[in-house]
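# Fold and geometry: a report
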Amino acid sequence: MTGVQLESVCKFYGDFRATEDVNLTIANGEFLVLLGPSGCGKTTTLRMVAGFVEPTRGSIRIGNVDVTHLPPWKRSTGLVFQSYALFPHLTVHQNVAFGLEMRKVPKSEISEKVMTALQMVRLDHLGERYPRQLSGGQQQRVALARALAFRPDVLLLDEPLSNLDAKLRHEVRVEIRNLQQRLGITTVMVTHDQEEALTMADRLVVMNEGRIQQVGSQRDLYDRPQSQFVASFVGRSSFLNGRAGGARFVTAGGLPVVIDSRLEGEAVIALRPERITLANAPLADTPNNLPGEVEFVSYMGNLIDVHVRLNQHDHVIAQIVNRDDTNVPAVKDRVFVSWAPSSSVFAK
Ligand code: ATP
């Protein structure tokens, strides 16, 4: 088993930069997720690792091998496409065997390797069926078996769950993660679904406009986002614009706020909605206690979003848990919002 290394990888289509200066080290056995909005360059990055797209600049190594200019079938990577890309006229068994034949696995070994791969995804009893005779989840597992059948060093998953319905998606997430851990296979998955990314990954890479914005664990990204983009893309945040000087910050609307970072000049504070407390009166022992008016209340079942207008310029969203005894404010109620100074702060 081996890790993957991308060094200063760029892909230009004419003048357009699909990815720029991507540097990444993926550890042996790690499950890494590339997360970002549509068009941010995550699929391009994955396809460069798979060998379907050639980088304009930079290099890619898998283990000790420089694969930058190797075709896909000469790399030890198994790719699962978003559409599964199964051959409709071939049976499940033949679909899985196809990948092995492409890689010139001796004929005598193919049948056994196909069976082992189908057992891995619990489909060994459906080898004679055609793709049209399978459910979406089963087709997805055939695609996974095909990618794993020749025992690649690296598994690459391109939005593998996007064609499944919500319930199945939850099940298959757990299945893929269990299989990946059992095999200890280095895995890179692309998704734009933040929940999927957060539940499956060891580490996440957030991309935007072709560049890596931040790499880290779920906690790193949620608790210590390094940019406004990450703070809004991973979880949700309210932002207060303003000016900082030492541990003081004054919002655009003139409200004084205590922060625990040393910043100077124009800055933005990001606040996670569940870390904002709502009260009818100022709380004791809290440095940040700002009065406001409830503008909008949105019920999401177990959670309730309360949008609070602090003044013409400043606005925050507080999230409260919907319990029997929850005091849910009404629109136009006067409330106080407070939060700990340790909430995230960024320089602009
Ligand atoms: P999505 O989630 O929508 O698949 P993505 O983050 O995977 O998005 P990519 O498919 O990597 O994005 O594309 C990155 C950018 O490169 C996009 O703006 C896309 O239009 C552009 N692009 C991709 N392939 C080509 C191509 N063959 N020719 C020109 N531009 C391309």
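Not measured: the values here are computed from a predicted model. (Residues numbered from 1 in each chain as written. Predicted model: local features only at pLDDT ≥ 70, side-chain atom pairs only at ≥ 80, totals over all residues.)

## Focus: the overall build of the protein chain
Threshold: Numbering of helices and strands starts at the N terminus; helices are DSSP runs of H or I of at least 4 residues and strands are runs of E of at least 2. Neighbour counting defines burial: a residue surrounded by 20 or more other C-beta atoms within 10 Å of its own C-beta is buried, one with 12 or fewer is exposed, and intermediate counts give partly exposed, using backbone-placed C-beta atoms. Placing a C-beta atom from the backbone of each residue, one calls two residues in contact when those atoms lie within 7 Å.
Across its full length, the protein chain holds eight helices and 18 strands. Projected onto its principal axes, the C-alpha coordinates of the protein chain cover approximately 75 × 50 × 35 Å. Counting across all 348 residues of the protein chain, residues that qualify as buried make up 36%. Counting only contacts in the protein chain whose residues sit at least 6 apart along the sequence, the fraction spanning at least 24 positions is 64%.

## What to know about unusual backbone geometry
Not every positive phi belongs to a glycine, and Ala85 is a case in point at roughly 50 degrees. Tracing the sequence through the fold places Ala85 in the loop between strand E6 (77-80) and helix H2 (92-102).

## Thoughts on the pairing of strand E9 (residues 203-208)
Each regular strand displays side chains that alternate between the two surfaces of the sheet. This is how the line gets drawn: Strand pairing requires that DSSP identify at least two bridges connecting the strands.
When strand E3 (residues 31-35) meets E9, the two strands line up parallel, connected through four bridges. Bridge pairing links Leu35 to Val206 in E9. Relative to strand E10 (residues 211-216), E9 is paired through five bridges, and the arrangement is antiparallel. What sits directly across from Val206, in E10, is Gln214. The turn joining E9 and E10, which pair antiparallel and follow one another in sequence, is formed by two residues; a positive phi near 45 degrees is taken by Glu209.

## Structural notes on the sheet that holds strand E15 (residues 303-309)
Put simply, the rule reads: Convention adopted: a line fitted to C-alpha atoms gives each axis, helices being fitted over their contacting stretch, and angles between N-to-C directions are expressed from 0 to 180 degrees.
Spatially, the five strands line up as an open sheet ordered E13-E17-E14-E15-E16, and their pairing is antiparallel. With one partner strand each, in any of the chains shown, strand E13 (277-279) and strand E16 (315-321) form the two edges of the open sheet. Between one strand and the next, the sheet's axes are offset by a mean angle of 45 degrees, whatever the strand orientation. The pairing of strand E14 (residues 288-299) with E15 spans six bridges and is classified as antiparallel. Counted as the bridge partner of Glu293 is Arg309 from E15.

## Considering the domain arrangement of the protein chain
Size of an interface: often given as the accessible area lost when the parts come together. Selection rule: An automatic or database domain assignment supplies the start and end points of every domain. As a working rule, the residues Ala, Val, Leu, Ile, Met, Phe, Trp, Tyr, Cys and Pro are called nonpolar, Asp, Glu, Lys and Arg charged, and the rest polar, with Gly in that last group.
When the domains of the protein chain are assigned, the result is domain 1 (4-229) and domain 2 (236-347). Of note, the centres of domain 1 and domain 2, computed from C-alpha atoms alone, are 40 Å apart. Contact residues are listed per partner, giving four residues for domain 1 and five residues for domain 2. Looking at side-chain class alone, the side of domain 1 that touches domain 2 contains one nonpolar, two polar and one charged residues.

## Looking at the site of the ligand
Which entries qualify depends on this criterion: To decide whether a residue is near a molecule or strand, its C-beta atom is placed from the backbone and checked for lying within 6 Å of it.
In the vicinity of the ligand, the contacting residues are Tyr13, Phe16, Ala18, Gly36, Ser38, Gly39, Cys40, Gly41, Lys42, Thr43, Thr44 and His192. Counting residues per element, the shell around the ligand draws most heavily on helix H1 (residues 42-50), which supplies three residues. Across the shell around the ligand, the residue classes break down as four nonpolar, seven polar and one charged.

## Side note on helix H5 (residues 166-183)
Going by this rule: Multiply 1.5 Å by the residue count of a helix minus one, and that product is the helix's expected span.
End to end, H5 covers 26 Å across 18 residues, agreeing with the expected 26 Å (1.5 Å per residue, within 8%). The first or second residue beyond H5 is Gly184, which carries a positive phi of 60 degrees.

## A look at the environment of Val297
Here Val297 is to be found in strand E14. The spatial distance from the C-alpha of Val297 to the C-alpha of Gln319 is 9.8 Å, given a sequence separation of 22 residues. Discounting chain neighbours no more than four positions away, the residues touching Val297 are Ile304, Val306, Val328, Pro329 and Val331.

## Structural notes on the environment of Phe12
Relative to the helices and strands, Phe12 is located in strand E1 (residues 4-13). Taking the C-alpha atoms as reference, Phe12 lies 9.9 Å from Glu54; in sequence the two are 42 residues apart. Setting aside residues up to four positions removed in sequence, Phe12 forms contacts with Arg17 and Thr56.

## Looking at the nonpolar core
Worth spelling out the cut-off: Each nonpolar core reported here comprises buried Ala, Val, Leu, Ile, Met, Phe, Trp, Tyr and Cys residues connected via C-beta atoms within 7 Å.
Residues Val33, Val96, Ala145, Leu156, Val188, Val206 and Ile269 are the most contacted members of the largest nonpolar core, which totals 81 residues. Counting residues per element, this core draws most heavily on strand E12 (residues 256-271), which supplies eight residues. Counting the residues that make up this core, at least three belong to each of domain 1 (4-229) and domain 2 (236-347). Ignoring anything within four residues of it in the chain, the contact list for Ala145 reads Val96, Ala117, Leu118, Met120, Val121 and Leu123.

## A look at the environment of Asn208
Relative to the elements of secondary structure, Asn208 occurs in strand E9. Residue classification places Asn208 among the partly exposed positions, given that 19 C-beta atoms sit within 10 Å. Put simply, Asn208 and Val230 are 22 residues apart on the chain and 9.2 Å apart in space, counted from C-alpha to C-alpha. Excluding residues that lie within four positions of it along the chain, Asn208 makes contacts with Gly36, Pro37, Cys40, Gln213 and Phe229.

## Side note on the pairing of strand E2 (residues 16-26)
Pairing geometry for E1 and E2, over seven bridges, is antiparallel. Paired with Tyr13 across the strands is Phe16, a residue of E2. In this structure, the hairpin formed by E1 and E2 is closed by a connection of two residues, where Gly14 is found at a positive phi of approximately 60 degrees.

## Points about the UniProt feature "domain: ABC transporter" (unreviewed entry) in the protein chain
Formally: UniProt positions are given in the numbering used here, feature names are shortened, and annotations may be inferred rather than shown by experiment.
The UniProt record annotates "domain: ABC transporter" (unreviewed entry) at residues 4-234. Each end of residues 4-234 is marked by a C-alpha atom, and these two atoms are 25 Å apart; helix forms 36% of the span and strand 26%.

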